[in-house]
Each structure stands twice: as C-alpha cells, then as structure tokens.
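Listed below, chain by chain, are the residues.
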Amino acid sequence: MTWTALIALAACAYAFKAAGPVLARQGELRPAVEQVLALLAIPILAAVVVVQTLDGGERLTIDARVAAIAVAALLAWRRAPFLVVVLAAAATAALLRAI
Amino acid sequence: MSVTQIRPVEASTERAAPERSVTRAALAIGVATGAYGVSFGVLSVAAGLSVAQTSVMSLLVFTGASQFAAVGVIASGGAALAALAPALVLAGRNAIYGFALVPILRGSRLARAAQAQLIIDESTAMARSQDDPAAAHRAFLATGLSIFVFWNLGTLTGALLGTGLGDPRALGLDAMFPAAFVALLSPQLRKPGAPTAAVAGALIALVLIPVAPVGVPILVAVAGVVPGVLASRRVAAATDVG
C-alpha cells in the first residue's frame, strides 16, 4: 500500500465522520433513517465475508478458507471470544494447507 | 470495530453509579478492542505494509472494519486503489453515525471536528444507549478515547510482533480476515431484520464477484439493507398485532 493511498483513505474516512458534526444543524433523525442506520453495517459485513472467502480474482474459488470460515462461524455462533474465532480460522487453513 | 457486544448500561438504584459504570464499560470495551488491534497489526504487516504505515493507518483512519478490509485486499494481491473501495464503503457508515450524533456532540465547531475522529460503531452505540444528552456525550467521549488508546497500542504491538512471521498463507493468515468479519457480524444478527439483510448482502456479493470489478460487489451489497428494513418492519407489525 502506498503512502498516497493510505493518506487518501484517512482523509476520506475523516470527511465521512466529520460531515454531520461540522455541517449539520441540530435536530432529531427521522425514524426511517434510524431503521436504515440500525442495519446498515450488516449486508456490508456479510458481503465482505463472502468476498474474502470466495474471491479468487473475479471468479469464485473454493479453498482452505471455506473450511476456516465454517469453523469461525460455528465458534462465533457459540459466542467464542474474537481472538479465539480468528485464531481457530487461521489454524484450520494452515492445517489444511500443510496436509 | 464492534468486537464487543454493547449492552445499554444497566440502570442502577444508586444515583452516582451510572457515571462510574459508563467509565468501566468504556475501559472494558477499550481493552477488548486492543486485542483486536493486535490482530490488525499482525495482519497488516503480513500483508506487506510497514510498521509505520500500519500505525499511521490506525491513528488516522481509526475505523477497524475499514482497515481490515483495506489490508485484506492488499494481502490478496490487489492494487492500492482496489483496496480503497471496500474500505470506503465501510467507512461510509460513520457518516450516518456522525449525523446521528449531531444532537449529542457539544462544543465549538472546532471541538466537534476534533471529536468526530472518535466516531465509530462502539462510541456511537454507547452514546445512543444513554437517556439524556449530557450522559450520552460523556459516554461517547469515554468510549471513543478508551478505544483510541487501546486500538493504537494494540496495533503497534501487533505490527512489531508480526514482523518476520513468515509466509502468511502457510500460517492461514488470509483466513483471519473473513473470520474477523464473521466475529464482527455474528453479535449483530440478533437485531430484527438483520439475518435478512446479511443473506441479501452475501447473495449480492456472490452473484457479482465473477462479473464485477473488485470493490463493486461490496458497494452494491449495501442494497441488502432494503430487504432487511422491510423484514424488521414486518417483525414490528407482527408484534404490534400479536
């Protein structure tokens, strides 16, 4: 990653955060906006999981990551701590690649 | 960075207690996020970023899911520009949080601009779980500052630990990225409409990966919020009637 890309990302990320507090007038949010707000991150996170598990450069690929994510999903569903979920996924992928 | 599930701070029978319990919750969330920061530091260095770049990203970008997304694309061999797309989509939700926090943030325009850097999932959720604006502002600052400190300490620790770790694929580090997002997603699935939104987002990404340029599947997947909202309204209507 270049420094230019990194600084551009930082600038955009800050602009998003500051837009409301710096520009908006005080007031309450409309209920419809609240509903979208509550769910907004969810489809994005789900899409990121799919892309990072199956994307092989503009085509779907199935490799050790799929088994790793199955393990991660099971542990997350059982409410395991964050580090346990992530480390178990890494261990699963590493193990499958070693054999 | 919603690594911890945020519960509204429990109403206490004592008058002085709520303030202390907010501080305690903020510290607990900060420490948990620190552990998450360590894994970010390790992965970022494994993806090829320097220790300095990794630390600067945590200081300046300071929004965990975006950072994981950017580094994840770099790790899978993507260009820097391709890495920006999913990171920006994820960072975009902070804009909505910013507008949601307008009634809560205090001070001059400059003070509000400085506080804006602390706008992330957890600080917003903690602020919005308070009853009055003054308590909400205190909860926002306590949570935001606690996470800022621990996230950056964790990142630096992880980046230093991760230097010279070896082949990231053999260690399964590339599987850690989607696993991190699974861990972020799962506590949020209990909200009404959330499972529908998650399935819709995943399906959109699945269909678009073979045909769309990098970053686009995630961008379009935002539309999954629409069936999610519709489903949550059906749940609300059903509870009203029943």
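Residues numbered from 1 in each chain as written. Chains lettered and ligands numbered in written order. Predicted model: local features only at pLDDT ≥ 70, side-chain atom pairs only at ≥ 80, totals over all residues.

**Q** When you look at the overall build of chain A in this model, what are you seeing that I'm missing?
**A** Counting its regular elements, chain A contains five helices and zero strands. Seen in sequence order, chain A has helices and strands lined up from the N terminus as α-α-α-α-α. A compact globule built from 99 residues would reach a C-alpha radius of gyration of about 13 Å, whereas chain A, at 19 Å, exceeds it by more than 25%. Each principal axis of the C-alpha distribution contributes one length, and for chain A these read about 60 × 35 × 25 Å. For chain A, the residues scored as buried account for 42% of the 99 residues in total. (Helix = DSSP H or I, 4+ residues; strand = E, 2+ residues; numbered from the N terminus. Rg over C-alpha atoms; globule rule 2.2 N^0.38 Å. Buried ≥ 20, exposed ≤ 12 C-beta atoms within 10 Å, placed from the backbone.)

**Q** It is not clear to me how the overall build of chain B should be interpreted in this structure. Could you clarify?
**A** Helix and strand content of chain B: 11 helices and zero strands. In chain B, the succession of helices and strands from N to C terminus is α-α-α-α-α-α-α-α-α-α-α. For 242 residues, the compact-globule estimate of 2.2 N^0.38 gives 18 Å, and chain B sits close to it at 19 Å. Seen along its three principal axes, the alpha-carbon backbone of chain B occupies a region of about 55 × 45 × 35 Å. In chain B, buried positions account for 53% of the 242 residues. Look at the contacts in chain B between residues 6 or more apart in sequence, and 73% of them connect residues 24 or more apart. (Contact = placed C-beta atoms within 7 Å.)

**Q** Would you mind going over the interface of chain B and chain A with me for this structure?
**A** For interface size, the figure often reported is the accessible area lost on association. On the side of chain A, 65 residues touch chain B, which itself brings 86 residues to the contact. It is helix 4 (residues 80-100) of chain B that provides the largest number of residues to the side of chain B that touches chain A, a total of 18 residues. Of the residues contributing to the side of chain B that touches chain A, the split by class is 62 nonpolar, 18 polar and six charged. (Nonpolar A, V, L, I, M, F, W, Y, C, P; charged D, E, K, R; others polar.)

**Q** Just checking my understanding: could you explain the packing of helix 6 (residues 121-128) of chain B against helix 7 (residues 133-162) of chain B for this structure?
**A** Helix-helix packing is characterised by the crossing angle of the two axes and by the distance between the axes. Residues and elements named next belong to chain B. Two elements in contact, helix 6 and helix 7, have axes whose closest approach is 8 Å; the angle formed by their N-to-C orientations is 155°. Our classification of the angle between helix 6 and helix 7 gives roughly antiparallel. Helix-helix and strand crossings are classified by hand; for helix 6 and helix 7 the assignment is right-handed. Between helix 6, through Glu122, Ser123, Met126, Ala127 and Arg128, and helix 7, the contact on the second element is made entirely by Ala136, Ala139, Phe140, Thr143, Gly144 and Ile147. Its residues assigned to classes, the contact of helix 6 with helix 7 shows six nonpolar, three polar and two charged. (Axes fitted to C-alpha atoms, helices over the stretch in contact; angles between N-to-C directions. Parallel < 35°, antiparallel > 145°, perpendicular 65-115°, else oblique. Left-handed = near helix turned anticlockwise from the far one by under 90°.)

**Q** What am I meant to see in the domain arrangement of chain B here?
**A** Residue and element names in this part refer to chain B. For chain B, the assigned domains are domain 1 (17-187) and domain 2 (191-242). For domain 1 versus domain 2, the separation of C-alpha centres amounts to 24 Å. Facing the seven residues of domain 1 at the interface are six residues of domain 2. Broken down by element, the side of domain 1 that touches domain 2 gets its largest block of residues, four residues, from helix 4. Taken together, the residues of the side of domain 1 that touches domain 2 sort by class into six nonpolar, one polar and no charged. (Domains from an automatic or database assignment.)

**Q** Help me understand the nonpolar core in this model?
**A** Soluble globular proteins tend to bury their nonpolar side chains together. Core analysis: the largest hydrophobic core is formed by 112 residues, its most contacted members being A:Ala47, A:Ala72, A:Val85, A:Ala89 and B:Ala179. Looking at which element gives the most residues to this core, the answer is helix 1 (residues 17-46) of chain B, with 12 residues. Split by domain, this core shows at least three residues from each of two domains, domain 1 (17-187) and domain 2 (191-242) of chain B. Not counting the four nearest positions on each side in its chain, B:Ala179 is found in contact with A:Ala68, A:Ile69, A:Ala72, A:Val85, A:Val86 and A:Ala89. (Core = buried A, V, L, I, M, F, W, Y, C linked by C-beta atoms within 7 Å.)

**Q** Any chance you could explain the environment of B:Ala197 here in plain terms?
**A** Considering the arrangement of structural elements, one finds B:Ala197 in helix 9 (residues 194-208). When neighbours within four sequence positions are excluded, B:Ala197 is seen to be in contact with A:Leu39, A:Ile42, A:Pro43, B:Gly224, B:Val225, B:Pro227 and B:Gly228.

**Q** What's the story with the confidence of the model for chain B in this structure? I'm lost.
**A** Predicted coordinates in regions of low pLDDT should not be interpreted in detail. Residue and element names in this part refer to chain B. In the predicted model, chain B carries a mean pLDDT of 84, and the fraction of residues at 70 or more is 90%. Low confidence marks residues 2-15, where pLDDT is under 50. Its contacts with residues over four positions away, or in another chain, come to 26 contacts. Across the whole predicted complex the pTM is 0.74, and at the interface the ipTM reaches 0.84. (pLDDT = per-residue confidence, 0-100.)

**Q** What's the story with the environment of B:Trp151 in this structure? I'm lost.
**A** Residues and elements named next belong to chain B. Relative to the assigned elements, Trp151 resides in helix 7. Residue classification places Trp151 among the buried residues on the basis of 26 C-beta atoms within 10 Å. Trp151 sits 126 residues away from Ala25 along the chain, and the two C-alpha atoms are 16 Å apart. Not counting residues up to four positions away in its chain, the partners in contact with Trp151 are Thr33, Gly34, Gly37 and Ser58.

**Q** Looking at this structure, how should I read the confidence of the model for chain A?
**A** Confidence in the prediction for chain A averages 87 pLDDT; 93% of positions are at 70 or higher. By mean pLDDT, helix 2 (residues 31-39) of chain A is the weakest element of chain A at 78, and helix 4 (residues 64-77) of chain A is the strongest at 95.

**Q** Sorry if this is basic, but what is going on with the packing of helix 1 (residues 3-23) of chain A against helix 4 of chain B here?
**A** Axis separation between helix 1 of chain A and helix 4 of chain B bottoms out at 7 Å; the angle between their running directions is 15°. The angle between helix 1 of chain A and helix 4 of chain B falls in the class roughly parallel. Our pair here, helix 1 of chain A against helix 4 of chain B, has a crossing hand that is right-handed. For the pair helix 1 of chain A and helix 4 of chain B, the contacting residues are A:Ala5, A:Ala8, A:Leu9, A:Cys12, A:Ala13, A:Phe16, A:Lys17, A:Ala18, A:Ala19, A:Gly20 and A:Pro21 in the first and B:Ala80, B:Leu81, B:Ala83, B:Leu84, B:Ala87, B:Leu88, B:Ala91, B:Gly92, B:Asn94, B:Ala95, B:Gly98 and B:Phe99 in the second. Of the residues that constitute the contact of helix 1 of chain A with helix 4 of chain B, the class distribution is 18 nonpolar, four polar and one charged.

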